[in-house]
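# Structure assessment
Okay, here's what each chain looks like letter by letter:
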Amino acid sequence: MTGYNPENERVKKQYEEALLHGRHREPRTVDAVWKAINSFEQFTERKSFKRFDTEQAKGFKRWLAKQVNSKGQPLSLSTARSTLSNLRDFFSWLVTHPQYTKRVDGRGIDYLRLSDNDERAGRATREKIPPTVEEVRRVLENMPFESDIERRDRAIVAFILLTGVRDGALISLKHKDVDLDKREIWQDPKHVNTKNRKGITSQFIPIDSFAEEIVLDWITYSRNMLGMKPDAPLFPKQRIVNNPKTLQFEASGLSTEHWANATPVREIFHSAFIAAGLPKCQPHTIRNTIAIWALENCSQLQFKAISQSLGHEHAMTTYNTYGNLTHHDVRKAFASIGKGSPELT
């Protein structure tokens, strides 16, 4: 059977509903699940999921190992691992489905797994070196700020360094969410796209005075000179107009609308870091910058306060997720051992 299997499509749609509304998964996560299931159906030529068994699972793993990516290269172990993991979850759900529970051979689910060594290799990632605070400052010093759009872009980089806010939350923040007197941001989950829709009170982290100056200047300027109201976006998207001379759509100042997604913020970061002679940097990586800076400069109480400001209930989340030292930081830490302790020197 090829092309389309109505029975499979119906149960896939039911699984999608279970993921979105039962398990509260994000749409992009569900998209990855669909891709994995479609790969499995491509292998089976759209045969009914009721025919799933151990032999089919083993055959799919052999087939998956021979597939290539869009560049014609073999699939990475991390991609294979993710695909198999999504399929295990799907068939684990399917064996509980009233129409499939007696038809699907659940023993095949455990076969949808890489070897232990390949699982470990699939989880391994190359070291991602976050920029230092000094490097982010270099980026800010290099960014132009003549036009309103340029001022906004520079303020975005400074704001993320100052707060560690996620880019999805940043594009949904409003002016009313920022209290300049208290140097405080209320990430209201009613309209701010926080992770897991948590309400988060964030403080301006005293990590760099120049970044704070840029942020304060932007907020004051946009309120007083651009007339941004409390419900206006803190970082609005640009206004697009049709130029009658060129018959082209062009950016013309700022609108009073939010961006639909965080892609423009990531592009601002990429361009700014490359222009400063530094590797591309994702906005989210700045959370690592903040965590490493806090480990070096803050007491336990202060680290806990920064962790909470980042939206973490437990300081160990910040410590383990964002506080991994680079090889350079490890060498620096070892070199400092014994300094100030005569008995160790």
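Our subject in this report is the structure included herewith.

### Points about the sheet that holds strand E3 (residues 200-203)
Here we have three strands laid out as an open sheet, ordered E1-E2-E3, and antiparallel in their pairing. Here the strands that pair on one side only, and so sit at the sheet edges, are strand E1 (178-179) and E3.

### Here's the deal with the pairing of strand E2 (residues 184-187)
The alternating pattern of E2 places Ile185 and Gln187 on a buried face, while none of Glu184 and Trp186, on the opposite face, is buried. Strand direction decides the pairing type here: E1 and E2, joined by two bridges, are antiparallel. The residue of E2 that forms the bridge with valine 178 is isoleucine 185. Between E1 and E2, which pair antiparallel and follow one another directly, the connecting turn spans four residues, one of which, arginine 183, has a positive phi of 55°. Bridge count for E2 against E3 is four bridges, and the pairing is antiparallel.

### What to know about the environment of histidine 97
Considering the arrangement of structural elements, one finds histidine 97 in the loop between helix H4 (77-94) and helix H5 (116-123). Residue classification places histidine 97 among the buried residues on the basis of a relative accessible area of 10%. Taking the C-alpha atoms as reference points, histidine 97 and glycine 168, 71 residues apart in sequence, are found 35 Å from one another. Apart from the residues lying within four places of it in its own chain, the contact partners of histidine 97 are Val11 and Gln14.

### Some remarks on the packing of H4 against H5
Two numbers describe how H4 lies on H5: the axes approach to 8 Å, and their chain directions differ by 110°. It follows from the interaxial angle that H4 and H5 lie roughly perpendicular. On the side of H4, the interface is formed by Leu77, Ser78 and Arg81, while H5 contributes Asp118, Glu119, Ala121, Gly122 and Arg123. A class-by-class count of the residues in the contact of H4 with H5 yields two nonpolar, two polar and four charged.

### Here's the deal with the layout of surface pockets
Considering only enclosed or pocket space, the largest pocket measures out at about 830 Å³ in volume. In terms of lining, the largest pocket is formed by 24 residues, of which the most central are Glu26, Arg28, Asn193, Thr194 and Lys195. Elements supplying a minimum of two residues to the lining of the largest pocket: helix H2 (27-44), helix H8 (167-170) and helix H10 (263-275). Looking at the lining of the largest pocket residue by residue, the classes come out as six nonpolar, 10 polar and eight charged. Around the second largest pocket, the lining comprises 20 residues; the ones closest to its centre are Lys128, Ile129, Pro130, Thr285 and Asn288. Tallied by class, the residues present in the lining of the second largest pocket amount to nine nonpolar, seven polar and four charged.

### Quick notes on the packing of aromatic side chains
Per the counting criterion, the structure on display carries 20 aromatic pairs. With a centroid separation of 6.4 Å and an interplanar angle of 55°, the aromatic rings of phenylalanine 40 and phenylalanine 43 are classed as tilted. Of this pair, phenylalanine 40 and phenylalanine 43 are both found in helix H2, three residues apart, which corresponds to roughly one turn of the helix. Relative accessible area serves as the criterion here: at 24%, phenylalanine 43 is assigned to the partly exposed category. Their ring planes at 85° and their centres at 6.1 Å tell us that phenylalanine 49 and phenylalanine 91 sit as a pair that is edge-to-face. Taken together, the residues span a long stretch of sequence, with phenylalanine 49 in the loop between H2 and helix H3 (54-65) and phenylalanine 91 in helix H4 at a distance of 42 residues. We note that phenylalanine 49, like phenylalanine 91, is buried. Taken together through their ring pairs, the aromatic side chains of Tyr15, Phe40, Phe43, Phe49, Phe52, Phe60, Trp63, Phe90, Phe91 and Trp93 make up a single cluster. Cation over ring: arginine 154 sits above phenylalanine 145, and NZ or CZ is 4.0 Å from the ring centre.

### Quick word on the side chain of histidine 312
Note on placement: histidine 312 falls in the loop between helix H12 (300-309) and helix H13 (315-322). Residue histidine 312 is classed as buried on the basis of its relative accessible area, which comes to 9%. At 2.6 Å, the side chain of histidine 312 and the side chain of threonine 318 are in polar contact. With sequence-adjacent residues up to four places away left out, histidine 312 is seen in contact with Arg166, Arg287, Ser307, Thr317, Thr318 and Tyr322.

What counts as what
Residues numbered from 1 in each chain as written. Predicted model: local features only at pLDDT ≥ 70, side-chain atom pairs only at ≥ 80, totals over all residues. Heavy atoms only, no water. Pairing = 2+ DSSP bridges. Helix = DSSP H or I, 4+ residues; strand = E, 2+ residues; numbered from the N terminus. Buried < 20%, exposed > 50% of the residue type's maximum accessible area, 1.4 Å probe, protein only. Contact = heavy atoms within 4.5 Å. Axes fitted to C-alpha atoms, helices over the stretch in contact; angles between N-to-C directions. Parallel < 35°, antiparallel > 145°, perpendicular 65-115°, else oblique. Nonpolar A, V, L, I, M, F, W, Y, C, P; charged D, E, K, R; others polar. 1 Å grid on protein atoms, 1.4 Å probe; cavity = no way out; pocket = protein on both sides within 12 Å on 5 of 7 lines; lining within 4 Å. Points joined across faces, edges and corners; volume = space filled by probe spheres on them. Phe/Tyr/Trp six-rings, centres within 6.5 Å; stacked < 30°, edge-to-face > 60°. Lys NZ or Arg CZ within 6 Å of the ring centre and 35° of its normal. Polar contact = N/O pair within 3.5 Å; in protein donor to acceptor, adjacent residues only side chain to side chain.

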